[in-house]
Amino acid sequence: MTVDTAMKRLHLISFGCQMNVYDSELMASAFKRRGYGVAETPEDADVILVNTCAVREHAEEKVFSHLGELRKHKGRRPDVLLGVTGCMAERMGREIARRAPYVDIVAGARSFGDILDLAAAARDHRGPVVSVGHDRPPPERDVSVRRDKYRAFIAVSRGCNHRCTFCVVPRTRGDEKGRALASIVREVEELVADGVVEVTLLGQNIDNYGVDRPEGEDLHHLLHACHAVDGLRRLRFVTSHPADMDPRIFDDMAELPKLCGALHIPPQSGSNTVLKRMARGYTREEYMDIVHEFRRRFPAGEVAADFIVGFPGETEADHEQSVSLLHEAGFQQSFIFRYSERPATTAARRLEDDVPLPVKAARNLHLLKAQEAVSIKKHKTMVGRTYELLVEGPSKKDPAMFTGRTRGNHIVHFPGGSELIGELAAVTITDFSPVTLRGVLAR
Ligand code: SF4
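The rules we used
Residues numbered from 1 in each chain as written. Predicted model: local features only at pLDDT ≥ 70, side-chain atom pairs only at ≥ 80, totals over all residues. Heavy atoms only, no water. Near = heavy atom within 4 Å. Nonpolar A, V, L, I, M, F, W, Y, C, P; charged D, E, K, R; others polar. Helix = DSSP H or I, 4+ residues; strand = E, 2+ residues; numbered from the N terminus. Buried < 20%, exposed > 50% of the residue type's maximum accessible area, 1.4 Å probe, protein only. Polar contact = N/O pair within 3.5 Å; in protein donor to acceptor, adjacent residues only side chain to side chain. Contact = heavy atoms within 4.5 Å. Domains from an automatic or database assignment. Buried area = accessible area lost by both parts, 1.4 Å probe. Expected span 1.5 Å × (residues − 1). Pairing = 2+ DSSP bridges. Axes fitted to C-alpha atoms, helices over the stretch in contact; angles between N-to-C directions. Salt bridge = Lys/Arg side-chain N within 4 Å of Asp/Glu carboxyl O.

Novice: Would you mind showing me how to read the site of the ligand here?
Specialist: Around the ligand, the surrounding shell consists of C160, H162, C164, F166, C167, V169, P170, Q204, H241 and R280. For the shell around the ligand, the residue count by class is 6 nonpolar, 3 polar and 1 charged.

Novice: Explanation requested: the side chain of S111 in the structure shown.
Specialist: Note on placement: S111 falls in the loop between β5 (105–108) and α5 (115–125). You can call S111 buried: its relative accessible area is 0%. A polar contact of 3.1 Å, which involves the side chain of S111, links it to the backbone oxygen of S131. Look past the residues within four positions of S111 in its chain and what remains in contact with it is E90, L118, S131, V132, H134 and R136.

Novice: Looking at this structure, I do not really get the domain arrangement of the protein. What am I missing?
Specialist: Buried accessible area, meaning the area lost when the parts come together, often serves as the stated size of an interface. Segmentation of the protein into domains returns domain 1 (9–131), domain 2 (151–381) and domain 3 (383–441). Look at where the C-alpha atoms of domain 2 and domain 3 centre, and you get two points 25 Å apart. Contact residues are listed per partner, giving 20 residues for domain 2 and 21 residues for domain 3. Among the residues domain 2 hides against domain 3, the three largest losses belong to R151, R234 and H379. Together they make up 37% of the total.

Novice: For this particular structure, what's the right way to read helix α1 (residues 18–33)?
Specialist: Spanning 16 residues, α1 covers 23 Å between terminal C-alpha atoms, matching the ideal 22 Å at 1.5 Å per step. Immediately beyond the C-terminal end of α1, within one or two residues, lies G35, with a positive phi of roughly 95 degrees.

Novice: Would you explain the sheet that holds strand β17 (residues 411–414) in this entry?
Specialist: Hydrogen bonding along the main chain pairs the strands of a sheet, whether they run parallel or antiparallel. Spatially, the 5 strands close up into a barrel ordered β15-β16-β17-β19-β18, and their pairing is mixed. Between one strand axis and the next, the sheet turns by 50 degrees as a mean value, whatever way the strands run. One ladder, built from 2 bridges, connects β17 with strand β19 (residues 437–441); its direction is parallel. By the bridge assignment, V412 is partnered in β19 with L437. Across the sheet, helix α14 (residues 357–382) touches β15 (386–394), β18 (424–432) and β19, and the angle it forms with β18 is around 120 degrees.

Novice: Can you help me understand the sheet that holds strand β6 (residues 129–131) in this one?
Specialist: Strands sit in the order β2-β1-β3-β4-β5-β6 across an open sheet of 6 strands; the sheet is parallel. In the strand order of this sheet, the two ends are held by β2 (37–38) and β6, each with one partner. When strand β3 (residues 47–52) meets strand β4 (residues 81–86), the two strands line up parallel, connected through 6 bridges. Following the sheet pairing, T52 is matched in β4 by G86. Together, β1 (9–14), β3 and β4 form the strand contacts of helix α2 (residues 57–76), whose direction differs from that of β3 by roughly 180 degrees. On top of the sheet, α5 reaches β3, β4, β5 and β6; it is set at about 160 degrees to β5, its chief contact.

Novice: Before we go on, may I ask you to explain the environment of Q268 in this structure?
Specialist: Summarising the element assignment, Q268 is placed in the loop between β12 (262–264) and α10 (272–278). According to the relative accessible area criterion, Q268 is buried, its value standing at 8%. Taking the C-alpha atoms as reference points, Q268 and S322, separated by 54 residues in sequence, lie 8.2 Å from one another. Contact partners of Q268, with chain neighbours within four places excluded, come to F166, M278, R280, Y282, D306, F307 and I308.

Novice: Help me understand the pattern of salt bridges, please; the structure alone is not making it clear to me.
Specialist: Pairing between side chains of opposite charge can happen when the charged atoms of each approach one another. Applying the stated criterion across every chain, the model contains 37 salt bridges. The partner of D246 in a salt bridge is R248, and the shortest N-O contact between them spans 2.8 Å. A salt bridge links D431 to R438, with the shortest nitrogen-to-oxygen separation between them at 3.1 Å. Residue R438 is classed as partly exposed on the basis of its relative accessible area, which comes to 29%. Because the salt bridges share partners, they merge into one network encompassing E198, R234, R236, E388 and R407.

Novice: What is the right way to read unusual backbone geometry from this model?
Specialist: Generally, phi is negative for residues other than glycine and the peptide bonds are trans, each holding for most cases. The omega torsion of the bond from V238 to T239 falls at 0 degrees, within 30 degrees of zero and hence cis. Positionally, T239 belongs in the loop between β11 (234–238) and α9 (248–255). With a phi close to 70 degrees, Q268 is a non-glycine residue in the positive phi region. Backbone geometry at A279 places phi at a positive 60 degrees, although glycine is not the residue there. For A279, a relative accessible area of 36% gives the class partly exposed.

Set out below in structure tokens:
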């Protein structure tokens, strides 16, 4: 099987989470090694890949409407290869080729390591090539292929051993598989040598890292090993699971200065009844114990959350429990999602999706407003204080301003100079909105 070297440019569209962005970079790395350049638009591409998410029904419908748009390019240039990869591809398989018969490649979240061979096979056979249900190693990363010059993500594990009743991830990505610690550290070293100053370690359940590793390494060892990489300035990790958090991680945060005091630890709900139906494996009280302990150890630390509203059986009283948890925990940021039934999950099989859409929408808005109130209160206390920022570049809305991120993940805009991009700068907060802060360089 050969790859047609006339195919020279790849256009990649990524939906969903940071893991998908990372996987897209891995696929782009594989194509780059075969001599492909980057096509900024689908019109200029010889291969178009859409890397998808299956977490919500809405995300999947968005992909189909996007595919409808991309079909036009195939109409104009039938030789263009169109592929669908990622979690939706893994979940739906041939069904995608049936609904969108112009798609050439369907490569699931566990098969995209074979993307070059699949592209070659699609070209040879002139028909849809479908690969799902296989566990293939992902392609090797070319660290120069990344979205951001100074910040990078690294997947340290894939899949999940939990079985939250609403979640498709264990089905699409399989049981948890951790990477060897040495290969992760090597990737950090390569990224730092290429100019990266901040690395975020990614796992569906990062606290469980190493559970399947024969050498017995765990997140604690991994954080220490990555922290030791010369030239790295900041280290983060996501996503934490309240049932699996190892208390030693707080000691690591205290001990390792590059490790940012920020947790992303989704409660999903503030109601014990709902948490039980979700099979999350902890109670509201246990969740809050973690947050209180974190705050006791790191008063300036920040916690981000995910919530699902309108889970089957969620009452108004359950919802109010989520609102009160949000206030009690004082989250820096909350990602709020309306429950969406996913085929073949336990919730879809056993629980009726009985919260009407308008109620889900109202609860979503209510939680957003609650988060806005918490953010305003938090931002007020930051005015007049000085924070370390990693300067990312000019602000998208106002090119006269520059944008950076605090260790706690707050976005700050300030008047600066391009010489600061990629540097750590001290900025004093002067003003704020519910979502961002403004400041000036500290003297
Ligand atoms: S912990 Fe639960 S929600 Fe998170 S990936 Fe695993 S099964 Fe899904």
